Amino acid sequence: MTKTIKRLLPAALAVLLAGCSMQPVDSTTACYRVALIAKNNRDSEFWDAVFTGAEAAATEYNLQLTITAPDDEEDYAAQNQLIADAVEDGAQAIVFSAIDYEANAAAIDAAAAAGVTVISVDSAVNSDNVAAYIGADNYGAGRMVAQSALDGMEGALCVGLINYEVNGANGRDREQGARDAFAESGRAKITAAVSTHPNAASARADTLAMLRTHPEINVLIGFNEPLAVGVAQAVDSLGLTGQVHAVSFDSNVNCIELLQTGAVAALVVQNSYAMGYLGVEKAWQVLQGEKFDSTALIDTATTIVTKENMFTMESQKAMFSFG
């Protein structure tokens, strides 16, 4: 089951940008139709920021934007149907975040074969038909999260990894970066790793089971926003705040509160607003004839936020990038 989150027909600019008429036009006229197909339509501050950035770019470039996503972040088949629907509805560009690196590829190839420009954001897809990729350096961010734990803890580290079970490129790359950094340190061991459903409740349950089976774990890594909440809730519920160094990706109100209490030691925060904005902007630029190196990441910054630096201007901008 899928649903349309919102549909935006932005007011036209006073003078249309290059590629359209240089005369003022009616406010209901847009140059191009762009479909943003996300991974999640449930409450998520990460995706809210992506959508806000995309809408801002659509307004600036006078685009008709639709935003859709599956009800379930593991439902790559529903995403494939949304891709086909966007093509049928006349989208000239698709801005896409893949649930499954492999299983979404054929649908993206079919859209490109139909003449649709494809921009990838957040999570890549295994297709040579993507015109540009915008997102975090996920491998580098994985190394960053590991280094945060290494810097924050002395002695030997017994690490538990909590990742989401779908075949997403970003989760895979983050975990590999963390594993490599821990291995290179010479004082960290991956004690346990689990793949869970990408929601806080599943992450909490699986983290609790991991900690009960491996009480020696003193570092936990959660690899996206809902996992961050679930990991921290597990640490808090077992009374292990201050004993287990939990580091997670992304931020929301719950994560920030848990950071203040110490249940989360650090957050690796992505600029999801920039992903949405740049995804739509690059779609417009490609439709105007501009070329990008699709193998080169257009990097949106990541920031480490801790209890000590969370009130600095840099951290506040990272956590509330669309405020």
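Quick summary incoming for the structure in this document. (Residues numbered from 1 in each chain as written. Predicted model: local features only at pLDDT ≥ 70, side-chain atom pairs only at ≥ 80, totals over all residues. Heavy atoms only, no water.)

Across its full length, the protein holds 10 helices and 13 strands. Looking at the 323 residues of the protein, the share that counts as buried comes to 53%. Of all intrachain contacts in the protein linking residues separated by at least 6 positions in sequence, the fraction that spans at least 24 positions is 75%. For the protein, the computed accessible surface area is about 13,100 Å², with 50% contributed by carbon and sulfur atoms. (Helix = DSSP H or I, 4+ residues; strand = E, 2+ residues; numbered from the N terminus. Buried < 20%, exposed > 50% of the residue type's maximum accessible area, 1.4 Å probe, protein only. Contact = heavy atoms within 4.5 Å. Areas by Shrake-Rupley, 256 points an atom, 1.4 Å probe, with all protein chains shown as cover.)

Here we take up the sheet that holds strand 10 (residues 245–249). As summarised here, the arrangement of the six strands in space is 8-7-9-10-11-13, forming an open sheet in which the pairing is mixed. Two strands lie at the open edges of the sheet, namely strand 8 (188–196) and strand 13 (302–306), each paired on one side alone. For this sheet, the mean inter-axis angle between neighbouring strands, taken without regard to orientation, is 15°. Bridge analysis of strand 11 (residues 266–270) against strand 13 gives five bridges, and the strand direction is antiparallel. Directly across from Gln270, in strand 13, lies its bridge partner Thr302. (Pairing = 2+ DSSP bridges. Axes fitted to C-alpha atoms, helices over the stretch in contact; angles between N-to-C directions.)

If you walk through the whole model with that rule in mind, you get five salt bridges. Residue Arg143 is joined to Glu184 by a salt bridge in which the shortest nitrogen-to-oxygen separation is 2.6 Å. With Arg143 in helix 4 (residues 138–152) and Glu184 in helix 5 (residues 169–185), this pair connects stretches of sequence that are 41 residues apart. Taking relative accessible area as the criterion, Glu184 reaches 55% and is therefore assigned exposed. A salt bridge links Asp173 to Arg172; the nearest nitrogen and oxygen atoms lie 3.0 Å apart. Overall, the relative accessible area of 26% leaves Asp173 in the partly exposed class. (Salt bridge = Lys/Arg side-chain N within 4 Å of Asp/Glu carboxyl O.)

One pass over the full model with this rule turns up four aromatic pairs. Three or more aromatic residues link up through ring pairs in this structure, and these residues are Phe46, Trp47 and Phe51. Looking at Arg172, its charged tip hangs above the ring of Tyr101, at a distance of 4.8 Å from the centre. The ring centre of Phe249 lies 4.5 Å from the NZ or CZ of Arg174, which sits over that ring. (Phe/Tyr/Trp six-rings, centres within 6.5 Å; stacked < 30°, edge-to-face > 60°. Lys NZ or Arg CZ within 6 Å of the ring centre and 35° of its normal.)

Ranked by size, the top nonpolar core spans 36 residues in total, and within it Leu157, Val159, Phe182, Val219, Leu220 and Ile221 carry the most contacts. With residues up to four places along the chain from it excluded, the contact list for Ile221 reads Val145, Val159, Gly160, Leu161, Ile162, Phe182 and Val247. (Core = buried A, V, L, I, M, F, W, Y, C linked by side-chain atoms within 4.5 Å.)

What follows covers the pairing of strand 4 (residues 93–96). Burial along strand 4 is two-sided: the residues Ala93 and Val95 and Ile94 and Phe96 are all buried. Pairing of strand 2 (residues 32–37) with strand 4 involves four bridges; the strand directions are parallel. When the sheet's bridge partners are listed, Ile37 is paired in strand 4 with Phe96. Where strand 4 meets strand 5 (residues 117–121), four bridges bridge the pair, whose relative direction is parallel.

A few words on the environment of Asp100. Inspection of the secondary structure assignment puts Asp100 in the loop between strand 4 and helix 3 (105–113). Here Asp100 falls in the buried class, since its relative accessible area comes to 11%. Sequence-distant contacts of Asp100, that is, excluding residues within four places in its chain, are made with Tyr76 and Asn167. Separated by 2.8 Å, the side chain of Asp100 and the backbone nitrogen of Ala103 make a polar contact. (Polar contact = N/O pair within 3.5 Å; in protein donor to acceptor, adjacent residues only side chain to side chain.)

In this structure, Ser120 sits in strand 5. Side-chain polar atoms of Ser120 contact the backbone oxygen of Ser123, separated by 3.4 Å. Excluding its chain neighbours within four sequence positions, the residues that come into contact with Ser120 are Phe96, Val125, Val130, Ala132, Tyr133 and Ile134.

If you check helix 2 (residues 76–88), its first and last C-alpha atoms are 19 Å apart, about what 13 residues at 1.5 Å a residue would give, namely 18 Å. Turning to helix 2, its buried residues number three or more, namely Ala78, Gln79, Asn80, Leu82, Ile83 and Ala86. Positive phi shows up at Gly90, right after helix 2, with a value of about 95°. (Expected span 1.5 Å × (residues − 1).)

Another point: the packing of helix 2 against helix 3. The geometry of helix 2 relative to helix 3 is characterised by a closest axis approach of 9 Å and an angle of 10° between their N-to-C directions. On the basis of the axis angle, helix 2 is roughly parallel to helix 3. Contacts between helix 2 and helix 3 involve Asn80, Ile83 and Val87 on the former and, on the latter, Ala107, Ile108 and Ala111. (Parallel < 35°, antiparallel > 145°, perpendicular 65-115°, else oblique.)

On to the environment of Val244, then. When you line up the elements, Val244 lands in the loop between helix 7 (225–237) and strand 10. With 18 residues separating them along the chain, Val244 and Gly262 place their C-alpha atoms 9.7 Å apart. When residues no more than four places from it in sequence are discounted, the contact partners of Val244 are Ile217, Asn218, Val219, Leu220 and Val235.

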